[in-house]
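Each chain is listed here by its residues.
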Amino acid sequence: MILCGHRGVASLAPENTLAGLRKAAELGLSWVEIDVQLTKDEKVVVIHDEKVNRCSDGKGKLRKYAWDELRKLDAGSWFDPAFAQERIPKLKDYLALARELGIRVNVELKVYDKDDAGRLCRKVSKLIDKHGVDKDSLLFSSFDPDCLRYLQVLQPEVPRGLLVEHIPDDWQQQLEQLECAALHCNYRYLSREQAEAVKAAGYRLHCYTANTPDKVKDFPAWGVDMLFTDKPQDYLDAGWSAG
Ligand code: G3P
Ligand code: MG
């Protein structure tokens, strides 16, 4: 089972920053997960929330910020003053560093109210082509099935994962229609029967966001392929492999 650093390594560095990506490399992880959205002037940036408030010294909705204003925000001091130099990264810079560090990236496309899923997907797709990003180094995921439909057409070679909280009854039908490679679910609600059914149907199973190794000790035996965690260091300390 692969340990995937959630939002970089969210317990050791400000989430979704280049510092977090470097931390993942230091720990020997092979995968990280990040969240992406569009600025007002349609740059793809790495940030989770609809607003910049929680993870920077700015205020208000991300989509009101053009890149030139966003790049000035301090995206590290809220976590620790030692990270005051961190900025909200552009996806293209994040992927360039990931390539340098040999880390693969699960790009989660975040769509909030009034966001345009198609525009976000087209921008992400364009930058992947423009910068020649290795498609084997990527995995797309989204709670928004529209994003997965767009990416199915725009970047068919990059594997896709459908994100859900609870696994719905029609999971297999949804995965088939979206031609997904993986189902991403909340680890809290996963049962052994569900895990075995997903695996028996030939899909990868990825679970978020589990920060206590004891709570998921059976997951490798259930066939879970990847675990998103803010605290990969706790798993490594407990003798798990990074995968
Ligand atoms: O992609 C797994 C996980 O990140 C989904 O939830 O809210 O942390 O983006 P969230
Ligand atoms: Mg996420």
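Please read these numbers as outputs of a predicted model, since none were measured by experiment.

(A) Representation of the overall build of the chain within the structure. Secondary structure assignment for the chain yields nine helices and nine strands. Here the C-alpha coordinates of the chain stretch approximately 50 × 40 × 30 Å along the principal axes. Within the chain, buried positions represent 52% of all 243 residues. Long-range contacts, defined here as pairs at least 24 residues apart, represent 55% of the contacts in the chain between residues at least 6 apart. Surface accessibility of the chain: about 11,100 Å² in total, with carbon and sulfur atoms responsible for 45%.

(B) The arrangement of the coordination of the magnesium ion (ligand 2) in detail. Surrounding the magnesium ion (ligand 2) are the protein donor atoms Glu33 (OE), Asp35 (OD) and Glu108 (OE), at 2.0 to 2.2 Å. In primary-sequence terms, the residues that donate to the magnesium ion (ligand 2) follow E-x1-D-x72-E. Classification of Glu33 as buried rests on a relative accessible area of 3%.

(C) Spatial organisation of the site of ligand 1. With respect to spatial proximity, the complete set of residues near ligand 1 consists of His6, Arg7, Glu33, Asp35, His48, Glu108, Lys110, Phe143, Leu163 and Tyr208. Between Arg7 and ligand 1, the recorded distance is 2.8 Å, taken from a side-chain N or O atom to an oxygen atom. Contact between ligand 1 and Glu33: an oxygen atom at 2.7 Å from a side-chain N or O atom of the residue. Isolated, ligand 1 exposes 290 Å² of accessible area, and the fraction of that covered by the protein chains is 90%.

(D) Looking closely at the environment of Trp78. Tracing the sequence through the fold places Trp78 in the loop between helix 2 (67-70) and helix 3 (91-101). Residues Trp78 and Pro14, spaced 64 residues apart in sequence, show a C-alpha to C-alpha distance of 8.0 Å. Not counting residues up to four positions away in its chain, the partners in contact with Trp78 are Pro14, Glu15, Arg54, Cys55 and Ser56. In this structure the side chain of Trp78 is engaged in a polar contact, spanning 3.2 Å, whose partner is the backbone oxygen of Cys55.

(E) Broad picture of the pairing of strand 1 (residues 2-6). Within strand 1, five of the five residues are buried, leaving the element largely enclosed by the surrounding structure. Going residue by residue along strand 1, you find Ile2, Cys4 and His6 tucked away on one face and Leu3 and Gly5 tucked away on the opposite face as well. Judged from the four bridges that link them, strand 1 and strand 9 (residues 226-229) form a sheet pairing that is parallel. Following the sheet pairing, Cys4 is matched in strand 9 by Phe228. In terms of strand pairing, strand 1 meets strand 2 (residues 31-38) through three bridges, oriented parallel. Residue pairing in the sheet places Cys4 in a bridge with Trp31 of strand 2.

(F) Region of the structure containing unusual backbone geometry. Despite not being glycine, Glu42 shows a phi value in the positive range, around 65°. Here Glu42 is to be found in the loop between strand 2 and strand 3 (44-46). Even without being a glycine, Glu179 presents a positive backbone phi close to 50°. Mapped onto the secondary structure, Glu179 falls in the loop between helix 6 (171-177) and strand 7 (182-186).

(G) Main features of the nonpolar core. Within the largest apolar cluster, 57 residues are counted, with the highest numbers of intra-cluster contacts made by Leu91 and Leu190. At six residues, helix 4 (residues 117-130) tops the list of elements feeding residues into this core. The next biggest cluster of nonpolar side chains, apart from the first, holds 10 residues, and it includes Leu62, Tyr65, Trp67 and Ile88.

(H) Looking closely at the pairing of strand 4 (residues 104-109). With five of six residues buried, strand 4 is to be regarded as a mostly interior element. Note that strand 2 and strand 4 share six bridges and pair parallel. If you follow Val36 over to strand 4, its bridge partner there is Leu109. The handedness of the strand 4 to strand 5 (residues 138-142) crossover, carried by helix 4, is right-handed.

Cut-offs and rules
Residues numbered from 1 in each chain as written. Chains lettered and ligands numbered in written order. Predicted model: local features only at pLDDT ≥ 70, side-chain atom pairs only at ≥ 80, totals over all residues. Heavy atoms only, no water. Helix = DSSP H or I, 4+ residues; strand = E, 2+ residues; numbered from the N terminus. Buried < 20%, exposed > 50% of the residue type's maximum accessible area, 1.4 Å probe, protein only. Contact = heavy atoms within 4.5 Å. Areas by Shrake-Rupley, 256 points an atom, 1.4 Å probe, with all protein chains shown as cover. Donors = N, O, S within 2.8 Å, 3.2 Å for Na, K, Ca; no water. Near = heavy atom within 4 Å. Polar contact = N/O pair within 3.5 Å; in protein donor to acceptor, adjacent residues only side chain to side chain. Pairing = 2+ DSSP bridges. Core = buried A, V, L, I, M, F, W, Y, C linked by side-chain atoms within 4.5 Å. Right-handed = clockwise from strand over helix to strand, strands pointing away.

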